[in-house]
Amino acid sequence: MCGIVGYIGGKQAAPILIDGLARLEYRGYDSAGIAVIEPGSALIVRKAPGKLSALVDSLKGATPEGFSGIGHTRWATHGSPTEANAHPHTDCSQQVVVVHNGIVENYLALKEDLQKQGHPFASETDTEVIPHLIESYMTEGVGFEEAVRLTAQRIQGAQAVVALHVKDKGRLVAFRLGNAGGITVGYGNGEMFLASDLPALLPYTSQVAFLAPGEMVTIDAADARFRSIKGPAIRKYPQAAPYDSVAIAKEGFRHFMLKEIMEQPSMVHRAIGGKVSFEPADVHLPGFPFTDPQVREINRVVLTGMGTSLYACMVGRTYMEHIAGIPAEADNASELRYRGPILDDRTLVVSVSQSGETADTLAAMEEAARQGAKQITICNVEGSQSTRMAHGTVFIGVGPEIGVASTKCLTGALAALYLLAVRLGKARGFLNQGRVESLLNDLASVPRLIGQALEQEHLCERLSQKYGDAFNFLFLGRGINMPIAMEGALKLKEVSYIHAEGYPAGEMKHGPIALIDKSMPTVALAPSDALHDKMRSNIEEVKARGGKVIAVVTQGQHDLADIADDLIEVPLSPYLVSPMVHVAPLQLLAYYFAIKRGCDVDQPRNLAKTVTVE
Ligand code: M6R
C-alpha cells in the first residue's frame, strides 16, 4: 500500500524523490520520509508523520543534498503513524537504509533473534528488521548486494524493498516478494529510477522494466542488473511505459475524483472503441486466450474482486447469465480464498481489479490456479500482477485512475465485463448475430448516456447542501442496479465519512426499515424498468415512516414526483447497460457531500488506492 521511490544519477536526488512521492501519495499518506547520501558520504534521513506536505514543511527549505536517495509514503500497518515509525529505516550503524511496502510476516521471530544479537530497535514496525538483517550479514563479511539477497530469503510475506548503503552510494538494490505491489525500474539518460508505481516515473522517463515476484535488481546511474532472489541472472530490457504523464494531471479539475467522474463518457468510449466493430457486429478482445471449443467447456463463472471491483463483479454476474447464458456467482475475494471453494477446469474465474495488485484478489486467483480453473482478469494496469497470473486479460483501458475512490474504473470494468459476456455468449452459440448487434449498439450508447446523467452535477451539489448534515444514509436498488446502490453507499462512506448502507430494496423490510426516520435519508434507484413498481412500493414504505427520499428516476417519468422529496433524472437506458449510467449521479453525490463537509476527497483518511496487504 505504501509508495516507494529511488533515484541515482547526476541530479539532486531529494527534489526528484519528493516529486515522486507527491505522485504516489494516493498509496498512503500516514507519514513520509526521504534518505539521501551526501557527497561526503553522510546519510541524511528526514521524515515526518502526516502527509508529504508535513515533511516538506519540516525541511524548511533545507533539502538534503546528494545524488542518490530513496523515499517513502506510508500506509500504516505495524505501528501508528509517528515519526519513529515513518520510513526510511536504518540499521544500528546508520549505514544501511531501507524503504518497504508490504508486511514481514515473521518479523517478531526475526526481531527477537536480532535483539539477542544486540541490535536495538527504534520503531514498532515490521520493516526495521530488514536493515538490521542486512547489517548482520555485512558484519559477517558479506557484500551489500548479497546481504540484501540473503535478507530477501529470510523474510516471509509479500513485499517490496529498496535498500541503499552509505559506502555503496552509487547503487540501489531492490527486491520483490509475492504480490504486495511492484517495483518499476525507470531508465533515464545517465540516471536511473525506482518506484512502486508508474506515475512517479512518467515525468522523467518513458522506458521502464517491471520486477516480478522473486526478482531483485541493482541499479547504478547507467543501467540495471536483474537476478532471481535465488541467484541466477535474468535478462530484462526496458519497454515503453503504458501511460503518459499528461493523462494523469488534474487538467483543471479541483480533484482527481471529479476529473475521473466527468471524463467517463470519453474514457468509456475509448475503452470500448478498439474492442467493438459493427459491420458485422463483433467483439475483439486481444487478450482473450480461449478457443471457442474451450469456451464451450465452461459450465460456471465465478467473479471475484474487492470493494468497487466486487460490485462490478455483482453486475457482471447478471451479464454472464443474461448475455453469455452461463450460471454465474460473484464472491468477495477475501472470502473466496479461505472458503475452500470448489473450482475446476470447467470453471471460468473472472477477477476484477483496477490495480491488478490487490492482495486478496491475487490470493483468490492463486487458489483458482491451484484448482486448475480457467482465468481471465479485468484490469486497468498493464503489466500488473493479476495480468501475469490470469490466462488472459481484458484491459479496462480508461487511463490511470488516481483518486482513491474508484469511479471511471467501475464503468470501464462494467463495459469490459459486458464485452467478455458477449464474446462468451457468441462462442457458446447463446447469442445470434442480431442479438450481438443489439447488445453492442446498447453499449455504444453508454458514453452519450453517461454524459447526459452527468448533467445533473449542479443538482447533486444542491442536494449535498440540503442533506449534507445527515449522519446516516440508506441506498436501495433492485435487480442489476442493486450492486450500484451498494456502490453509492461505499462512495459516500469513503469520501464524506457519512455512514451509509447499500441494500437490495427487497431486504429493507427485513431489518433496515427500523432505522428509518426523518433524519435518515434514502437514495432509491427507481428507473423505468421491470422492477420500477416494486421500487415505488419501497419508496412509499420509507415515506410512510417519515423518511426523506432522493429517487434516481428515468427522465420524464413522473409517478414519483409527488412521493419522493427530490428526483435525480437520468436518461432512459437499456437495462443491461443501465448500471453504468445510474452510478454517475451517485458518484457526484458522494463527491459534493465530501466537499460540503470539507473532506479530503482524493486522499480520504485511513484509505489507500491499492490494498496490497490482507
Ligand atoms: O485495485 P482494485 O480494483 O483491486 O481495488 C479494490 C478495492 O480496494 C477498491 O475498489 C476500493 O474499494 C476503492 N477505494 C473503492 O472506491
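Preceding this paragraph is the structure being described.
Throughout what follows, the structure given in this document is the object of discussion. Nothing here was measured: the structure is a model prediction, and the numbers come from that model.

The rules behind the values
Residues numbered from 1 in each chain as written. Predicted model: local features only at pLDDT ≥ 70, side-chain atom pairs only at ≥ 80, totals over all residues. Heavy atoms only, no water. Helix = DSSP H or I, 4+ residues; strand = E, 2+ residues; numbered from the N terminus. Rg over C-alpha atoms; globule rule 2.2 N^0.38 Å. Buried < 20%, exposed > 50% of the residue type's maximum accessible area, 1.4 Å probe, protein only. Contact = heavy atoms within 4.5 Å. Areas by Shrake-Rupley, 256 points an atom, 1.4 Å probe, with all protein chains shown as cover. Lys, Arg positive; Asp, Glu negative; His and termini not counted. Charge placed at Lys NZ, Arg CZ, Asp CG, Glu CD. Pairing = 2+ DSSP bridges. Axes fitted to C-alpha atoms, helices over the stretch in contact; angles between N-to-C directions. Core = buried A, V, L, I, M, F, W, Y, C linked by side-chain atoms within 4.5 Å. Arc of directions from axis to C-beta. Near = heavy atom within 4 Å. Polar contact = N/O pair within 3.5 Å; in protein donor to acceptor, adjacent residues only side chain to side chain. Nonpolar A, V, L, I, M, F, W, Y, C, P; charged D, E, K, R; others polar. Disulfide = S-S within 2.5 Å. Expected span 1.5 Å × (residues − 1). Parallel < 35°, antiparallel > 145°, perpendicular 65-115°, else oblique.

It is worth spelling out the overall build of the protein at this point. When helices and strands are counted, the protein shows 19 helices and 27 strands. Expected size for 614 residues packed as a compact globule is a radius of gyration near 25 Å; at 25 Å, the protein falls within 12% of this value. Overall, the C-alpha framework of the protein stretches about 80 × 55 × 45 Å when taken along its three principal axes. Going through the 614 residues of the protein one by one, you find that 61% of them count as buried. Put simply, of all contacts in the protein between residues at least 6 apart along the chain, 72% involve residues at least 24 apart. Accessible surface, the protein: about 22,000 Å² in total, of which carbon and sulfur atoms supply 51%. Within the protein, the 67 negative side-chain charges are centred at a point lying 1 Å from the centre of the 57 positive side-chain charges.

With that out of the way, let us pick up the sheet that holds strand S20 (residues 347–353). Taking strand neighbours across the sheet as the criterion, the 5 strands line up as S19-S18-S20-S21-S22 in an open arrangement whose pairing is parallel. One side of each edge strand has no neighbouring strand; the edge strands of this open sheet are strand S19 (328–332) and strand S22 (392–395). The mean inter-strand angle of the sheet, taken between neighbouring strand axes irrespective of direction, is 20°. Where helix H9 (residues 307–322) meets the sheet, its contacts fall on strand S18 (300–305), S19 and S20, and the angle it forms with S19 comes to roughly 175°.

Moving on: the environment of Pro527. Summarising the element assignment, Pro527 is placed in the loop between strand S25 (522–525) and helix H18 (532–544). Distance from Pro527 to Leu108, taken between C-alpha atoms, is 55 Å for residues 419 residues apart in sequence. The contact partners of Pro527, leaving out residues within four places of it in the chain, are Asn481, His532, Val552, Val553, Thr554, Gln557 and His582.

With 102 residues, the main nonpolar core has Tyr319, Ile378, Leu417, Tyr418, Leu420, Phe473 and Met580 as its most contacted residues. Counting residues per element, this core draws most heavily on helix H13 (residues 408–427), at 14 residues. With sequence-adjacent residues up to four places away left out, Phe473 is seen in contact with Tyr467, Leu492, Ile498, His499, Ala500, Glu501, Met520, Pro521, Val523, Ile550 and Phe593. Core analysis: the second largest hydrophobic core is formed by 30 residues, Leu24, Leu52, Leu198 and Leu202 among them.

Those residues of helix H7 (residues 264–273) that sit buried are Gln264, Pro265, Met267, Val268, Ala271 and Ile272. Axial view of H7: buried residues confined to an arc of 170°, hence all on one face. On its buried face, H7 sits against helix H6 (256–262), strand S16 (276–278), H13, helix H14 (433–444), helix H15 (446–454) and helix H19 (578–596).

Attention shifts here to the site of the ligand. By nearness alone, 13 residues border the ligand, and Ser309, Ser353, Ser355, Thr358 and Glu494 come closest of all. Between Ser355 and the ligand, the recorded distance is 2.7 Å, taken from a side-chain N or O atom to an oxygen atom. Contacts to the ligand include Ser406, whose backbone N or O atom sits 2.8 Å from an oxygen atom. Protein contacts shield 92% of the accessible area of the ligand, which totals 410 Å² for the unbound molecule. Of all elements in the fold, only H9 and helix H17 (482–496) reach the threshold of two or more residues within the shell around the ligand. Its residues placed into classes, the shell around the ligand shows 3 nonpolar, 8 polar and 2 charged.

Another point: the state of the cysteines. If you walk through the whole model with that rule in mind, you get 0 disulfides. Cys409 takes part in no disulfide bond, and the closest cysteine sulfur, belonging to Cys379, lies 8.6 Å away. Given the relative accessible area of 3%, Cys409 is considered buried. Considering cysteine sulfurs only, Cys460 is the nearest to Cys599, which forms no disulfide, with 17 Å between them.

As a further point, take H18. Its 13 residues place the ends of H18 18 Å apart at the C-alpha level, agreeing with the 18 Å of an ideal helix rising 1.5 Å per residue. Looking only at H18, the buried set comprises His532, Met535, Asn538, Ile539, Glu541 and Val542. Against the buried residues of H18 lie strand S23 (472–477), S25 and strand S26 (549–554). Gly546 lies just past H18 and shows a positive phi near 80°.

As a further point, take the packing of H13 against H14. Put simply, H13 and H14 touch, their axes get as near as 11 Å, and they point 175° apart. Comparing the axis directions of H13 and H14 gives the class roughly antiparallel. Residue-level contacts link Ala415, Tyr418, Leu419, Val422 and Lys426 of H13 to Gln433, Val436, Leu439, Leu440, Asp442 and Leu443 of H14. Class assignment of the residues belonging to the contact of H13 with H14 gives a composition of 8 nonpolar, 1 polar and 2 charged.

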